[in-house]
Amino acid sequence: AKGREGLEMWMIEEFCELVLLVTRGNANPDRPQDAGKHPHRDKWKVIRAWIADRERVAQLHMLVDLWKFYSERHAFCLRRSVYGDFAPSHHRHEMAVQVCEAIVWYRRARADPEAAVFWSTSEFLSKPHQLRFKSLLPSDKRALVRERMARALAAGEESLLTWSAKVWTRAVHLLGAVCDERYRVGVAQLVLILVGEGNALGDKLGQRPAMKPEPVDAVQAELFAKLEERAKEGALQRTWRAWSLGAHLSEWLLLATAPGGDVEKTKTDPVLSEARTPRLYEVYIEMLFIGLSDNTTLE
């Protein structure tokens, strides 16, 4: 592969050419019509055609990036739950937070798809180190690949919003957010206000009326928006009554006022627990903890 200056050929393309040269095919003298034919040669011809098309190779990079990204992002489906250490497929209490995290992630990712997902594709487009001689793709083709990146993210987001964001942000699933110590305080406070227990919360906090809490981050802001949607529909109030959650108001007030924590506290010392909120914990067993969360894949 030496001395081929000026050729728009990758080293792997030259390798394919050499393989075809030394792979003679069928050498049966009784079948001269099959000379040069062989399934192995056909395979190498297909490989050569694929890698000769720079745009197609860029698409393969996109597929690899998407596969790697989604396999990492959906790894939670196969792990034990953070809260409760429940076996895989028992994630119903975590799904509302997962979906809201995904919604927020897509909003940010659309601003810069290459940095968010398409790392190797971006490198492929910008660095010609994989070629021995000339650049990879003309500028119009690179623009087309980047447009496809944006469309891929838009398709994932649309799938998320039309299915998972509806299924996993029902009122009962949103109530599972109090299991997450990062969001428990704000979610519990807003739930109490939306179901008409704002005065009790205000008395506990020493303020009348109780004010809507400020979200700690964009994910909790999304949780708040979904809770308010469910309250406007009446679904949150119906769920509150159906599970007699108001009968355990003192425990809800504890959820709404005890200092919050982080992921580690969610694992080791959550406020919603058999020790600290025994009656509410018993309700949550039937309401959320027992029951499979099949098809937890978000997109």
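Predicted model, so just to flag it, every value in this text is computed and none were measured.

A.B. asks: What exactly am I supposed to notice about the overall build of the chain here?
C.D. replies: If you tally the helices and strands in the chain, you get 15 helices and zero strands. Expressed as a percentage of the 299 residues in the chain, the buried residues total 43%. Long-range contacts, defined here as pairs at least 24 residues apart, represent 73% of the contacts in the chain between residues at least 6 apart. For the chain, the exposed area adds up to about 15,700 Å²; of that, 54% sits on carbon and sulfur atoms.

A.B. asks: Help me understand the environment of glycine 260 in this model?
C.D. replies: Structurally, the position occupied by glycine 260 is in the loop between helix H13 (249-257) and helix H14 (263-268). Sequence separation between glycine 260 and arginine 182 is 78 residues; the distance between their C-alpha atoms is 6.2 Å. Once you skip the residues sitting within four places of it in the chain, glycine 260 turns out to touch Glu181, Arg184, Val185 and Lys265.

A.B. asks: Would you explain the environment of proline 88 in this entry?
C.D. replies: Among the structural elements, proline 88 can be located in the loop between helix H3 (54-73) and helix H4 (95-109). A residue is classified by how much of its surface remains accessible, and proline 88, at 33% relative accessible area, is partly exposed. Between the C-alpha atoms of proline 88 and phenylalanine 76, which are twelve residues apart in sequence, the distance is 8.2 Å. What proline 88 contacts, discounting residues up to four positions off in sequence, is Cys77, Leu78, Arg79 and Arg80.

A.B. asks: Honestly, the packing of aromatic side chains in this entry has me stumped. Any pointers?
C.D. replies: Aromatic rings considered in pairs are described by the distance between their centres and by the relative angle of their planes. Per the counting criterion, the structure on display carries ten aromatic pairs. Look at phenylalanine 86 and phenylalanine 289: their rings are 5.2 Å apart centre to centre, the planes differ by 50 degrees, and that puts the pair in the tilted class. You can see phenylalanine 86 sitting in the loop between H3 and H4 and its partner phenylalanine 289 sitting in helix H15 (residues 278-289), a full 203 residues away along the chain. Exposure class is identical for phenylalanine 86 and phenylalanine 289. Each is buried. Connected via pairs of aromatic rings, a cluster forms that spans Tyr83, Phe86, Tyr281, Tyr284 and Phe289.

A.B. asks: Where do I start with unusual backbone geometry in this structure?
C.D. replies: Comment: phi is negative for the bulk of residues other than glycine, and the bulk of peptide bonds are trans. In the Ramachandran plot, serine 89 falls in the positive-phi region, its phi being about 85 degrees despite a non-glycine side chain. Within the element layout of this structure, serine 89 appears in the loop between H3 and H4. At serine 244, a position not held by glycine, the phi torsion is positive, near 50 degrees.

What counts, and where the lines are drawn
- Residues numbered from 1 in each chain as written.
- Predicted model: local features only at pLDDT ≥ 70, side-chain atom pairs only at ≥ 80, totals over all residues.
- Heavy atoms only, no water.
- Helix = DSSP H or I, 4+ residues; strand = E, 2+ residues; numbered from the N terminus.
- Buried < 20%, exposed > 50% of the residue type's maximum accessible area, 1.4 Å probe, protein only.
- Contact = heavy atoms within 4.5 Å.
- Areas by Shrake-Rupley, 256 points an atom, 1.4 Å probe, with all protein chains shown as cover.
- Phe/Tyr/Trp six-rings, centres within 6.5 Å; stacked < 30°, edge-to-face > 60°.

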